[in-house]
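# Observations on the model geometry
Now for the letters of each chain:
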Amino acid sequence: DSDKRYAPDAKYDLVDQNELYSKVTGLFEADIYMYGADGQPKQNLTINQLTFGSFPLKHFVNVTVVGTRWYSHRYILFPPAITDGTTQVGRIVAIDSFATATFELDGSALTFPTPRNPNVGRGGGNTTSTEAAGLGETTMTYPVGNDTVFTKSVDSIDSSTFV
């Protein structure tokens, strides 16, 4: 048997490797529900000492797949928080993800860690330097069939993996 990675007609584009990528391209709106380890729905979520209630959260995502690259732009809208009986402003969290196909040619894509600022879109200009942005995690995404995506965390990045 020959290794498909070395075939003269090898397909490097993500859509050519798995049709799932053509299905996930576009602008989507979703509702986010969160559940605890006990399987019960969470009633609120605390971020930077602010408690947000009112699930579901609104989620908008725009996915673009071009050649060997995947771009994802997400916006999560949090309702106004209530602390000490005082209503605070709501929050919009923006998350950008960038991924590239791997040389395995199995449809897998490696997501690069990107800066994530929990204060993006926070009203009133209240962003402080003490609220660190941090980095998102690096993940590897694998299509399972033509309708499911499996994603796992990756501890280290080998640059020879990128296409």
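Summarised in this report is the structure supplied together with it. (Residues numbered from 1 in each chain as written. Predicted model: local features only at pLDDT ≥ 70, side-chain atom pairs only at ≥ 80, totals over all residues. Heavy atoms only, no water.)

### Re the overall build of the protein
Tallying secondary structure elements over the protein gives two helices and eleven strands in all. Listing the helices and strands of the protein from first to last along the sequence gives α-α-β-β-β-β-β-β-β-β-β-β-β. Relative to its full complement of 163 residues, the protein shows a buried share of 29%. In the protein, the proportion of contacts linking residues at least 24 apart, taken out of those at least 6 apart, comes to 54%. When the accessible surface of the protein is split by element, carbon and sulfur atoms take 52% of a total near 10000 Å². (Helix = DSSP H or I, 4+ residues; strand = E, 2+ residues; numbered from the N terminus. Buried < 20%, exposed > 50% of the residue type's maximum accessible area, 1.4 Å probe, protein only. Contact = heavy atoms within 4.5 Å. Areas by Shrake-Rupley, 256 points an atom, 1.4 Å probe, with all protein chains shown as cover.)

### A short note on a nonpolar patch on the surface
The grouping of L27, F60, Y75, L77 and I92 at the surface amounts to a nonpolar patch, some 450 Å² of accessible area in total. Along the chain, the position of I92 falls in strand 8 (residues 91-101). Note on I92: relative accessible area 36%, which makes it partly exposed. (Patch = residues over 30% accessible without salt bridge, like charges linked within 9 Å, V, L, I, M, F, W, Y side chains within 5 Å. Salt bridge = Lys/Arg side-chain N within 4 Å of Asp/Glu carboxyl O.)

### Describing the pattern of salt bridges
Following the criterion strictly, the structure yields three salt bridges and no others. Of the charged contacts in the structure, one is a salt bridge between K58 and E29, with a shortest N-O distance of 2.8 Å. Residue K58 is located in strand 4 (residues 57-66), and its partner E29 is located in strand 1 (residues 26-32); the two are separated by 29 residues in the primary sequence. Because the salt bridges share partners, they merge into one network encompassing E29, D31 and K58.

### Focus: the sheet that holds strand 4
If you walk across this open sheet you meet the seven strands as 1-4-5-8-9-10-11, and the pairing is antiparallel. Looking at the sheet topology across the chains shown, the edges are occupied by strand 1 and strand 11 (148-153). Going from strand to strand, the sheet's axes swing by 25° on average, the running direction of each strand aside. Summarising the sheet, strand 9 (residues 109-112) and strand 10 (residues 139-144) pair through three bridges and their orientation is antiparallel. (Pairing = 2+ DSSP bridges. Axes fitted to C-alpha atoms, helices over the stretch in contact; angles between N-to-C directions.)

### What to know about the pairing of strand 5 (residues 69-78)
In terms of strand pairing, strand 4 meets strand 5 through nine bridges, oriented antiparallel. The partner of V65 across the bridge, within strand 5, is W70. Of the pairings in the sheet, the one linking strand 5 to strand 8 comprises ten bridges and is antiparallel in character. For F78, the partnering residue across the bridge sits in strand 8 and is R91.

### Focus on the environment of H59
Positionally, H59 belongs in strand 4. For H59, a relative accessible area of 11% translates into the label buried. Residues H59 and I92, spaced 33 residues apart in sequence, show a C-alpha to C-alpha distance of 9.7 Å. Setting aside residues no more than four positions away along its own chain, H59 makes contact with F28, E29, A30, I32, R74, Y75 and I76. Of the polar contacts made by the side chain of H59, one reaches the side chain of R74; its length is 3.3 Å. (Polar contact = N/O pair within 3.5 Å; in protein donor to acceptor, adjacent residues only side chain to side chain.)

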